[in-house]
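Structural features, examined
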Amino acid sequence: MRLNQAAYALFLFVRDICGGDLVGWLDDRLARAASISGPRRGPDLRHAVLASLTNVFGISAKVLSLALSDMLLGGDPGRPLWVETGASMVVVDTLVHNWLHRTGCLHDLAAEHAYGRGCYAPGGCAEVIAAAERIDARRFCPGGPTVFPRLLQRAVWVFCAAEGHDACNGNRIDDAQPCAQGECPVSACRRVPLR
């Protein structure tokens with residue numbers, strides 16, 4: 001039932017807010033955000049799209065970021081604002097949040113919070129990962145943008161996920177204890193217990 005409601009709400013959003021033209025709406029929102037944005041425009045571009053769409057019933061910032069990042073990155077390479085926005089969209093799930101907690105990143109940046117809405121709030125996990133602006137992502141993805149927080153988020157997810165490297169997750173680490181894995185490549189990890 002909720003999926004039907006979300007699909008219908010998205011249809012109404014595209015019809016009533018976008019005038020039936022989601023692509024044109026995206027182009028317009030991104031152009032306006034880019035024209036008034038400062039030096040850190042990735043968050044401004046991301047917000048220009050997500051702020052309105054998160055009002056669609058049943059669609060969270062996480063789901064939107066997951067769907068839109070791939071669409072914006074690959075949908076039309078001739079639209080540089082799409083690529084830049086898609087690269088800035090971060091998907092925070094429990095693996096990514098818990099990794100940021102276990103490594104001490106959230107503590108060190110005074111960004112500690114419980115998993116959930118706080119991950120997308122100001123100072124949350126998404127902003128912590130978006131601070132990756134200092135990393136030149138072309139070293140790891142030569143054909144991609146220079147600033148690519150989505151690539152960093154994806155690398156953390158692959159490192160943690162059982163389907164990836166299966167290195168930092170609740171299957172391998174007792175959440176009540178500091179991590180005891182001896183072969184972790186994250187040398188600066190604080191090994192903070194989740195509970």
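Look a little higher up for the structure.
Let me begin by describing the structure that accompanies this report. The structure presented is a predicted model; accordingly, all values stated were derived computationally and were not measured. (Residues numbered from 1 in each chain as written. Predicted model: local features only at pLDDT ≥ 70, side-chain atom pairs only at ≥ 80, totals over all residues. Heavy atoms only, no water.)

1. Examining a nonpolar patch on the surface
Quick reminder of the rule: A patch is a set of surface residues, each over 30% in relative accessible area and not in a salt bridge, joined within 9 Å for like charges and within 5 Å for the nonpolar side chains Val, Leu, Ile, Met, Phe, Trp and Tyr. Method for areas: the Shrake-Rupley scheme with a 1.4 Å probe, in which residue coverage is limited to the protein chains shown. Any Lys or Arg side-chain nitrogen found within 4 Å of a carboxyl oxygen on Asp or Glu counts as a salt bridge. Secondary structure elements are defined from DSSP: runs of H or I of at least 4 residues count as helices, runs of E of at least 2 residues count as strands, and each element is numbered from the N terminus.
On the surface, I135, F140 and L152 cluster together to form a nonpolar patch covering roughly 270 Å² of accessible area. Tracing the chain through its elements places I135 in the loop between α8 (125-130) and α9 (149-160).

2. Side note on the packing of aromatic side chains
Basically, it comes down to this: Only Phe, Tyr and Trp rings are paired, with Trp represented by its six-membered ring, and only when their centres lie within 6.5 Å; those with planes under 30 degrees apart are stacked, over 60 edge-to-face, the remainder tilted. Three exposure classes are used, based on accessible area relative to the maximum for each residue type with a 1.4 Å probe and protein chains only: buried under 20%, partly exposed in between, and exposed over 50%. Only when the NZ of Lys or the CZ of Arg is both within 6 Å of the ring centre and within 35 degrees of the ring normal is a charge said to sit over the ring.
Taken as a whole and assessed by the stated rule, the structure comprises two aromatic pairs. With 5.3 Å between their ring centres and 85 degrees between their planes, F13 and W25 make a pair best called edge-to-face. Pair noted here: F13 is in helix α1 (residues 2-17) and W25 is in helix α2 (residues 22-36), with a separation of 12 residues, a long-range link. One exposure class covers both F13 and W25, and it is buried. When the ring centre of W82 is taken as origin, the NZ or CZ atom of R79, which lies over that ring, is 4.8 Å away.

3. Points about empty space enclosed by the protein
By rolling a water-sized probe across the atoms, one finds the places where empty space is left. This is how the line gets drawn: Grid points spaced at 1 Å and placed over the protein atoms alone form the basis of the search, with a cavity being a set where a 1.4 Å probe fits but cannot get out and a pocket an open set showing protein on both sides within 12 Å along at least five of seven lines. Lining residues have an atom within 4 Å of a point. Grid points are joined across faces, edges and corners, and a volume is the space filled by probe spheres set on the points.
The full count for this structure, using the stated rule, is one cavity of 30 Å³ or more. Reported here for the largest cavity is a volume of approximately 40 Å³. Every residue lining the largest cavity is listed: A167, C168, I173, C179, Q181, C184 and C189.

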